[in-house]
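Chain by chain, the residues run as shown.
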Amino acid sequence: LKDNQVDSIWSFSRFISELGSRDPRYWMVEDDPLYRQQLFEEYFTSRSEEQLLKERMETSKFNEAFWKMLKTKPQIQYYTRWSTAKRLIANEPIYKHSVVKESAKKQRFLEYVANLREEHEKSQRQLKSQALKELQDYLENILLSSDTGTNGNNTDFPLMKWQSLANNYLFEKNKRYMANKHFKILTHEDVLQVYMDIAKKVEKNLEDKLAALQKVNYTKDRV
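Basis of the calculations
Residues numbered from 1 in each chain as written. Predicted model: local features only at pLDDT ≥ 70, side-chain atom pairs only at ≥ 80, totals over all residues. Heavy atoms only, no water. Core = buried A, V, L, I, M, F, W, Y, C linked by side-chain atoms within 4.5 Å. Buried < 20%, exposed > 50% of the residue type's maximum accessible area, 1.4 Å probe, protein only. Helix = DSSP H or I, 4+ residues; strand = E, 2+ residues; numbered from the N terminus. Contact = heavy atoms within 4.5 Å. Arc of directions from axis to C-beta. Salt bridge = Lys/Arg side-chain N within 4 Å of Asp/Glu carboxyl O. Axes fitted to C-alpha atoms, helices over the stretch in contact; angles between N-to-C directions. Parallel < 35°, antiparallel > 145°, perpendicular 65-115°, else oblique. Nonpolar A, V, L, I, M, F, W, Y, C, P; charged D, E, K, R; others polar.

Caption draft 1: Main features of the nonpolar core. Leu135, Tyr138, Leu139, Leu143, Leu165, Leu170 and Tyr177 are the most contacted members of the largest nonpolar core, which has 21 residues in total. Those elements giving two or more residues to this core turn out to be helix 7 (102-143), helix 8 (162-169) and helix 10 (188-222). When residues no more than four places from it in sequence are discounted, the contact partners of Tyr177 are Leu135, Tyr138, Tyr169, Leu170, Phe171, Phe183 and Val191. Counting residues in each nonpolar core, the second largest holds 16 residues, with Phe62, Leu70, Trp82 and Val113 among its members.

Below, the structure is given as structure tokens:
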């Protein structure tokens, strides 16, 4: 182990795969994985002060290896607490035998989960953006079509009322809506906001048409 410069950032699986394939002394030890692991761990407890000081100086090496180890633990998510993570990594050599202080290990962990949280939030924003775009297409197809978009009364605002839309085309009451997995990320408020945005565009379109019609009538009256 010493000849191969094995230190606390090595995992036992790395020890097996690397030394088992290139160092014949690996096979001189009794062919018992548990015994080999015992010797592997005893090696770390017998390190000299010089080795400990050397490892202490290699903080950047520890940081990189510690993050790499954390990535092998899918149970660790952006919401995982340090107390939970410690139980998951308790037997990892880099945690168990490293001379790095507990506070430094916790700090590296907090940085790791903060990175996971940032990635999660970015992913959620992208999913929501895609869902809102698809929702707008879905609602416009319903609201602006000639057979479903109007209220059936020329004196009313020519757009299906929210309650009618919600009862017949949205949420759990509609299989087509529920079939779109992206819509699951949206709240009722998100859907209502898109409906209101479409309603504003319809209202603006009506105002423009009315203004154009008034202009034509004004021109005719002057003639």
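Caption draft 2: A look at helix 5 (residues 82-89). Regarding helix 5, the residues found buried are Trp82, Ala85 and Ile89. Down the axis, helix 5 shows its buried residues gathered within 60° of arc, on one side only.

Caption draft 3: The arrangement of the pattern of salt bridges in detail. Enumeration according to the criterion identifies 11 salt bridges in this entry. For the salt bridge of Arg25 with Asp3, the shortest nitrogen-to-oxygen distance reads 2.8 Å. With Arg25 in the loop between helix 1 (12-22) and helix 2 (33-45) and Asp3 in the segment before helix 1, this residue pair connects regions lying 22 residues apart in the sequence. In this structure Arg25 comes out as partly exposed when scored by relative accessible area, which is 43%. Between Glu18 and Arg22 there is a salt bridge, with the nearest N and O atoms lying 3.7 Å from each other.

Caption draft 4: View of the packing of helix 5 against helix 7. Here helix 5 crosses helix 7 at 105°, and the two axes come no closer than 11 Å. Here helix 7 runs roughly perpendicular to helix 5, going by the angle between their axes. Listed contacts from helix 7 to Trp82, Ala85 and Lys86 of helix 5 are Glu102, Lys105, Lys106 and Phe109. Class assignment of the residues belonging to the contact of helix 5 with helix 7 gives a composition of 3 nonpolar, no polar and 4 charged.

Caption draft 5: Just the side chain of His97, in detail. Checked against the element boundaries, His97 lands in the loop between helix 6 (93-96) and helix 7. Beyond its immediate stretch of four places on either side in the chain, His97 contacts Ser8, Glu41, Phe44 and Arg47.

Caption draft 6: Quick look at unusual backbone geometry. Backbone geometry at Gln5 places phi at a positive 55°, although glycine is not the residue there. Topologically, Gln5 is positioned in the segment before helix 1. With a phi close to 60°, Phe171 is a non-glycine residue in the positive phi region. As for its position among the elements, Phe171 is in the loop between helix 8 and helix 9 (175-179).

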